[in-house]
Amino acid sequence: MSDNTTDIQYPIAANAAFIDESGIEDFMQTLFSRVLWRPDHFINLRGIGEKGTPREGKFHADEWIQPGLEEFPDDHMTELTIHHAKRWAQHHIAAFVVPAVMKAARGTSENVGLMVAVVLDLDSGDTNAKAAWIDQHIGTPTMVVASGGITEAGTPKLHLYWVLDDPTEDVAGVVEMRHLLAEKIGGDLQFGRGTPDNPLGRAHQPIRIGGSVHAKHGRAAPVRVLWARGPMPDVDELGWRIRQAQESPWAVRAQSAPASLGFEFGPTKNCQPMSATEMLAAPIEEGGDGPDSRWGRFSAVAGHHIS
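Novice: Give a description of the sheet that holds strand β6 (residues 143–150) that names residues and reports values.
Specialist: Picture the strands of a sheet paired through backbone hydrogen bonds; they go either parallel or antiparallel. The antiparallel open sheet is built from five strands, whose spatial order is β4-β5-β7-β6-β11. Each edge of the open sheet is held by one strand with a lone partner, namely β4 (100–102) and β11 (224–227). Neighbour-to-neighbour, the strand axes of the sheet open up by a mean angle of 35°, direction not taken into account. The pairing of strand β5 (residues 112–122) with strand β7 (residues 156–168) spans seven bridges and is classified as antiparallel. Pairing of M115 across the sheet is with T168, part of β7. Here helix α2 (residues 21–31) sits on the sheet in contact with β5, β6, β7 and β11, set at roughly 130° to β6. Across the sheet, helix α4 (residues 127–137) lies against β5 and β7, angled at about 25° from β7, the strand it touches most.

Structure follows, in structure tokens:
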């Protein structure tokens, strides 16, 4: 397909040919396989204009599925997802899903009711090496999806899912697990913490649907489900493995602030940050309330150890 997207005539039937109906079925039914559906449960599908196409920044739509209202919820969920994915693909619109059960038809973190999986987006570096490290140190994912993109190292961008044996209402806890895992392996932090004033972070972050189409810059490629037969871990066991795992060679440091403890740790906002060695050995001044006072230095040292 040409890089010149200004003369495109919609619909693009060729894009719909990349849709893998069996891949969508595997993806959706694996992701939500452990949910006991209720009438007030919602799945949030999201269509977003692809980057580098005329639809970028011009199209954003939510579609809502209520499996608990249907006699055959899995079939209903799959059929609607395929329908929307095909419809969107023909117009340079990417098909996403929020990997969670929503408790209302509003796509915000506050409306996430159940977390069904821990999700990791590997979008940089040698993703094959990262996946091998994860398999050894965290455990085999339930599902692996090749999102359609390629990293700067020439390896496929991957989405990894650990589908929970029992979906949990501890939304903030799973978001923290996603964030810590992304830090340790060098993954995308968009699935982790948001801002310090939002304890639910990026719980509502959508992700590409396996079996759909990746068409950034007008070049269509399939989003392939590579693996959907892995174990479904207990959330507490998985959280323990993530916390205990050593940092990988690709670990990243998030710039987000820690949750507030009622007072501010660390140097003041106008100070140049110190290294850990400098901070722990810095002189302390008696009295006052500046960064070099006893209280200020205690705050910095305590903040270092808490981090």
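Resuming the write-up.
Novice: I'd like to hear about unusual backbone geometry, residue by residue, with values.
Specialist: Cis geometry is found at the peptide bond from Y10 to P11, where omega equals 0°. Relative to the elements of secondary structure, P11 occurs in the segment before α1 (13–16). Although it is not a glycine, H92 adopts a positive phi angle of roughly 55°. In this fold, H92 is placed in the loop between α3 (73–89) and β3 (93–97). On the basis of relative accessible area, H92 is assigned to the buried category, the value being 1%. For H217, which is not a glycine, the phi torsion comes out positive at approximately 60°.

Novice: Break down the pairing of strand β1 (residues 43–49) for me, citing the residues and quoting the values.
Specialist: Where burial is concerned, most of β1 is hidden: six out of the seven residues are buried. Bridge count for β1 against strand β2 (residues 60–65) is six bridges, and the pairing is antiparallel. Bridged to G47 within β2 is A61.

Novice: Give a detailed account of the sheet that holds β2, specifying residues and quantitative values.
Specialist: The strand order β2-β1-β3-β8 describes an open sheet built from four strands, whose pairing is antiparallel. Each having just a single partner strand, β2 and β8 (207–208) make up the two edges of the open sheet. Alignment of β1 against β3, held across five bridges, turns out to be antiparallel. Paired with G47 across the bridge in β3 is A95. Against the sheet, α2 touches β1, β3 and β8, its axis set at about 30° to β3. Of the strands in this sheet, β1, β2 and β3 touch α3, which is tilted by about 165° from β2.

Novice: Tell me about the packing of aromatic side chains, and name the residues and values.
Specialist: Across all of its chains, the model carries three aromatic pairs by this definition. Ring centres 5.8 Å apart and planes at 45° place the aromatic pair F32 and W37 in the tilted group. Per residue, the accessibility class of F32 equals that of W37, and both read buried. An angle of 90° between the planes, with centres 6.1 Å apart, marks the rings of F42 and W64 as edge-to-face. You can see F42 sitting in the loop between α2 and β1 and its partner W64 sitting in strand β2, a full 22 residues away along the chain.

What counts and what doesn't
- Residues numbered from 1 in each chain as written.
- Predicted model: local features only at pLDDT ≥ 70, side-chain atom pairs only at ≥ 80, totals over all residues.
- Heavy atoms only, no water.
- Pairing = 2+ DSSP bridges.
- Helix = DSSP H or I, 4+ residues; strand = E, 2+ residues; numbered from the N terminus.
- Axes fitted to C-alpha atoms, helices over the stretch in contact; angles between N-to-C directions.
- Contact = heavy atoms within 4.5 Å.
- Buried < 20%, exposed > 50% of the residue type's maximum accessible area, 1.4 Å probe, protein only.
- Phe/Tyr/Trp six-rings, centres within 6.5 Å; stacked < 30°, edge-to-face > 60°.

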